[in-house]
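So the chains spell out like this:
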Amino acid sequence: MASRQHVDFWFDPICPFAWATSRWIKEVEKVRDIEVFWNVMSLSVLNEGRDLPADYRAKMDDSWGPVRVIMKAAQEHGDQVKDQLYTAMGELFHYENLTDRDEVIAKALQQTGLPAELAAAARTDQNDDALRASHEVGISKVGQDVGTPIVAVDGVAFFGPVITRVPKGEEAGKMFDAAAQLAAFPYFFELKRSRTESPVFD
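Numbering of residues starts from 1 in each chain and follows the order in which that chain's sequence is written. Side-chain atom pairs in this predicted model are given and counted only at pLDDT of 80 or more, local residue features only at pLDDT of at least 70, and totals for whole chains, interfaces and linings cover all residues. Calculation of side-chain values draws on the structure's entire complement of heavy atoms; hydrogens and water are dropped beforehand.

Caption draft 1: Quick peek at the environment of Lys107. Its place among the elements puts Lys107 in helix 6 (residues 101–112). To sort residues, take the accessible area from a 1.4 Å probe on protein chains only and compare it with the maximum for the residue type: under 20% means buried, over 50% means exposed, and anything in between is partly exposed. Look at Lys107 and you get partly exposed, because its relative accessible area is 31%. Here the alpha-carbon distance between Lys107 and Ala18, two residues 89 residues apart in the chain, equals 20 Å. By definition in these notes, contact holds between two residues if any of their heavy atoms fall within 4.5 Å. For Lys107, the contacting residues outside a window of four places in its chain are Leu92 and Leu98. Labels follow the DSSP assignment, with helices taken as runs of H or I lasting at least four residues and strands as runs of E lasting at least two, numbered in each case from the N terminus.

As structure tokens, this is what we get:
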């Protein structure tokens, strides 16, 4: 009997591409024997010191809060809340199209039954060492020239897959099989084509 595959998933809740890939992994859970561990990374950390357009720099400067709150919640209430808070925040960001980070944090905490006081973590760098450590574990597996999501299957990591629709059922399973098999070749690095659409969530 084949052993359950161990999947690590690194996410930043503000990223629509990570959200699409995470919902795909949720579909894969239904059709493949995998165990998923959710990990925080940060686009704000990734883009520190980079020369960015002013509007994107402002977005990055405003995006520390959600990941800080998730890290603090996990420290106080266990790693399982990462998945719960990510799902709550992601639905607010990407389905309801809320942009105010503080509003998203407050609503996500309420929806998951976590203490409202955790929102204060968004405004402090007290837990940034832990955040940076979690980020570094993921990014060190794939290199600095990628972003979120990062997926590792039984220790073999890759950036992506970057998808704009969320496959369901066996289609999700087949995509997982293909991605994991390609990534397992140590000399395979990239398969890419120009993206013609942004993520679409039904």
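Caption draft 2: A look at the pairing of strand 3 (residues 150–153). Along strand 3, one buried face is formed by Ile150 and Ala152 and the opposite face, lined by Val151 and Val153, is buried too. Any two strands with at least two DSSP bridges between them are considered paired. The pairing of strand 1 (residues 5–11) with strand 3 spans 4 bridges and is antiparallel. When the bridges of strand 3 are listed, Trp10 appears paired with Ile150. Bridging between strand 3 and strand 4 (residues 156–159) involves 4 bridges; their strand directions are antiparallel. Residue pairing for strand 4: Ile150 is matched across the bridge by Phe159. Joining the antiparallel neighbours strand 3 and strand 4 is a turn of 2 residues, in which Asp154 adopts a positive phi near 50 degrees.

Caption draft 3: Inspection of the packing of aromatic side chains at higher detail. Ring geometry is summarised as follows: Phe, Tyr and Trp rings, the Trp one being its six-membered ring, pair when their centres sit within 6.5 Å, and such pairs are stacked at plane angles under 30 degrees, edge-to-face over 60 and tilted between the two. Following the criterion strictly, the structure yields 9 aromatic pairs and no others. Consider the rings of Trp24 and Phe176, whose centres lie 6.3 Å apart with planes at 50 degrees: the pair is tilted. You can see Trp24 sitting in helix 1 (residues 16–31) and its partner Phe176 sitting in helix 8 (residues 169–183), a full 152 residues away along the chain. Just as Trp24 is buried, Phe176 falls in that class too.

Caption draft 4: Structural view of the layout of surface pockets. Each pocket or cavity is described by its volume, and for the largest pocket that value is around 1,800 Å³. Each cavity reported here is a set of points on a 1 Å grid over the protein atoms alone in which a 1.4 Å probe fits but cannot get out, each pocket an open set with protein on both sides within 12 Å along at least five of seven lines, and each lining residue one with an atom within 4 Å of a point. As for the largest pocket, its lining consists of 44 residues, of which Phe159, Pro161, Val162, Leu191 and Lys192 are closest to the centre. Sorting the residues of the lining of the largest pocket by element identifies helix 1, helix 3 (54–61), helix 7 (128–142), strand 4 and helix 8 as the ones contributing at least two each. The element contributing the most residues to the lining of the largest pocket is helix 8, with 6 residues. In this count, Pro and Cys sit with the nonpolar residues alongside Ala, Val, Leu, Ile, Met, Phe, Trp and Tyr, while Asp, Glu, Lys and Arg are called charged and the others, Gly among them, polar. Class assignment for the residues of the lining of the largest pocket results in 29 nonpolar, 5 polar and 10 charged. Grid points are joined across faces, edges and corners, and a volume is the space filled by probe spheres set on the points.

Caption draft 5: Expanded view of the nonpolar core. Only buried residues count toward a nonpolar core, which is a set of Ala, Val, Leu, Ile, Met, Phe, Trp, Tyr and Cys residues joined through side-chain atoms within 4.5 Å. The biggest cluster of nonpolar side chains holds 61 residues, and the ones touching the most others in it are Val7, Trp24, Ile25, Leu85, Met89 and Phe176. In this view, Met89 contacts Pro13, Pro66, Val69, Ile70, Val104, Ile105 and Ala108; residues no more than four positions away in its chain are not counted.

Caption draft 6: Spatial organisation of the sheet that holds strand 1. One open sheet accounts for 4 strands, arranged 2-1-3-4; its pairing is mixed. Across the chains shown, the open sheet's two edge strands, defined by having one partner strand only, are strand 2 (34–40) and strand 4. Going from strand to strand, the sheet's axes swing by 20 degrees on average, the running direction of each strand aside. Against the sheet, helix 1 makes contact with strand 1, strand 2 and strand 3, and its axis sits at roughly 155 degrees relative to strand 2, the strand it touches most. Geometry is summarised by axes, namely lines fitted to C-alpha atoms with helices restricted to the contacting stretch, and by angles between N-to-C directions that run from 0 to 180 degrees.

Caption draft 7: Expanded view of the pairing of strand 1. Of all the 7 residues making up strand 1, 5 are buried; the element is thus mostly covered by neighbouring parts of the structure. Where strand 1 meets strand 2, 7 bridges bridge the pair, whose relative direction is parallel. Note that in strand 2 the partner of Phe11 across the bridge is Val40. With the strands aimed away from the viewer, a crossover counts as right-handed if its path from the first strand over the helix to the second runs clockwise. With helix 1 bridging strand 1 and the parallel strand 2, this β-α-β connection has right-handed handedness.

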